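Take a look at the letters that make up each chain.
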Amino acid sequence: MTGSDQDSPRADVHAPDDVLRITRRLQDAGFQTWAVGGAVRDALSGGHPGDWDLTTAARPGDVQRLFRRTVPVGVAHGTVGVVGRDGRLYEVTTFRRDVETDGRHARVIFAQTVDEDLRRRDFTINAVAWHPLTHEVRDPHGGVPDLRAGLLRTVGEAEERFREDRLRVLRALRFAGRFGLTIEDGTWAAAQAAAPELVHLSAERVREELLKVLRQVRPPSVSLTLYQQCGVLRHLYPELEACVGVEDGKADVWTHLLRVVDQVPAHRTTLRVAALLHDAGKPRTRTDAGFPDHAAAGAATAHALMRRLKFSNAEIDRTVHLIAQHSDFPTPEASAPELRRWLRRVGQEYVPDLFRLRIADLRARGDGDPRLDETNRLWKRVRRELQQQAPLDIGGLAIGGGELRGLGLPPGPLYGEILRDLLERVTDDPSLNDRETLTRMVRERISSREG
Ligand code: ATP
Ligand code: MG
């Protein structure tokens, strides 16, 4: 028994066996339990449900008592993870409702009914409950009709809901882009009004929202365009707002950035960050003749922005380096030594991403950019070059410090000088890279110095 109306609507959606099993055990122990959130939304709209979340009258202690394998995901907030037979973690959360909020984190207390729990959820499409045993649909806020109409709307009064938790503005823009929804007028007006307040959100929450947009399979440009139209870009990403309207060929810089992001595959999220920021140096470097040194300026802009959003040092270093190097490619006629010098400069481990970014960049400029063919040919040459494994740093030379000591040279800065010099010569002619030849070259150097 779920304790609800006899004639409420039902929907036959397919839920994993574990969802049924967990629900049954809770219901048998007397705790009303429903599936809620993203999985219900996705299942009811014919999509592929992601993580199934359950909401229940049971308290965390009850859930821990009823199931053998649990994980205390967020017990203080009412969430216990139950490990299913399929090995996946199902989050079971006690009915909650919001109390006094500061606009950053909604404080919650436990509630008695599923309806209270649905009322605290952000958007109508996310506030539908479905009962895994009876298949009953509980939709007090009209999420199912909104889904059908393609509308995103807050539960309750938009202004108030955004004031309670400003992250909901970013979530609105993300969901609208992800599902191709129109944002209902009142919700949109309230989102625009709340945009200046978003600067009070923590860097981590802003960053995670951006990364969720960039992980979307649907083109991220839809949500990012809404960021701009809503005023969020101006307040959270002023460096990117500065790109709007800066003419660069057929499109302005902002539009170009969006197109490049869309061209990079969804699973390469970090590269999508680089794509979003790669030309952010252009507004500052614009001249009549183009954008000299815009890559270096873009790298500096990306560095500041990513620091502000508290990306990890490793992510910052990688992205900044890609951006700094993104417009410095060898010409198609470059000699093999020139190619190798470029590889040494950019670092072998960056080369595939630099080409991916370059190709996305050129594709975004439209069909028939002659540089696309050139770049593909260059990529083939570079791949062949890498297969030959010519040394690209002194570690790849056939001799090292041990051999220099064997030749009677006293250890010191001279070692580095000699090895760097050998690397230059091997870069010109990789066939020199064997022990005997390099040893002979060092001997000649010593005797010419002594003589
Ligand atoms: P996804 O498929 O991206 O995980 P989701 O809808 O499951 O989408 P979650 O962030 O996992 O999104 O949140 C689960 C549910 O919790 C949402 O569907 C919504 O009902 C509720 N929720 C999440 N964040 C908020 C918030 N900031 N304010 C109100 N309700 C929220
Ligand atoms: Mg989810």
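Residues numbered from 1 in each chain as written. Chains lettered and ligands numbered in written order. Predicted model: local features only at pLDDT ≥ 70, side-chain atom pairs only at ≥ 80, totals over all residues. Heavy atoms only, no water.

A. Structural detail: the sheet that holds strand E8 (residues 129–130). The strand order E3-E4-E5-E2-E1-E8-E9 describes an open sheet built from seven strands, whose pairing is mixed. This sheet does not close on itself; its edge strands, each paired only once, are strand E3 (70–74) and strand E9 (137–138). As paired strands, strand E4 (residues 79–83) and strand E5 (residues 89–94) are joined by five bridges and run antiparallel to one another. If you follow Val80 over to E5, its bridge partner there is Val92. Helix-sheet contacts for helix H1 (residues 17–28) involve strand E1 (33–36), strand E2 (53–56), E4 and E5, and the interaxial angle to E5 is about 35°. (Pairing = 2+ DSSP bridges. Helix = DSSP H or I, 4+ residues; strand = E, 2+ residues; numbered from the N terminus. Contact = heavy atoms within 4.5 Å. Axes fitted to C-alpha atoms, helices over the stretch in contact; angles between N-to-C directions.)

B. Here's a closer look at the packing of aromatic side chains. Scanning all chains against the criterion turns up eight aromatic pairs. Aromatic pair Phe329 and Trp342: ring centres 5.3 Å apart, planes at 45°, arrangement tilted. Taken as a pair, Phe329 in the loop between helix H17 (313–325) and helix H18 (336–346) and Trp342 in helix H18 lie far apart in primary sequence, 13 residues in all. Like Trp342, Phe329 is buried. Ring geometry for Trp342 versus Phe355: centroids 6.0 Å apart, planes at 85°, classification edge-to-face. Of this pair, Trp342 sits in helix H18 while Phe355 sits in helix H19 (residues 351–364); the two residues are 13 residues apart in sequence, bridging distant segments of the chain. For the pair Trp342 and Phe355, one class covers both residues: buried. Taken together through their ring pairs, the aromatic side chains of Phe329, Trp342, Phe355 and Trp379 make up a single cluster. Sitting over the ring of Phe175, Arg174 keeps its end group 4.8 Å from the ring centre. (Phe/Tyr/Trp six-rings, centres within 6.5 Å; stacked < 30°, edge-to-face > 60°. Buried < 20%, exposed > 50% of the residue type's maximum accessible area, 1.4 Å probe, protein only. Lys NZ or Arg CZ within 6 Å of the ring centre and 35° of its normal.)

C. Up close: the environment of Pro292. Mapped onto the fold, Pro292 is located in the loop between helix H15 (282–285) and helix H16 (294–308). Note on Pro292: relative accessible area 45%, which makes it partly exposed. In contact with Pro292, other than residues within four places in its own chain, are Thr285 and Thr287.

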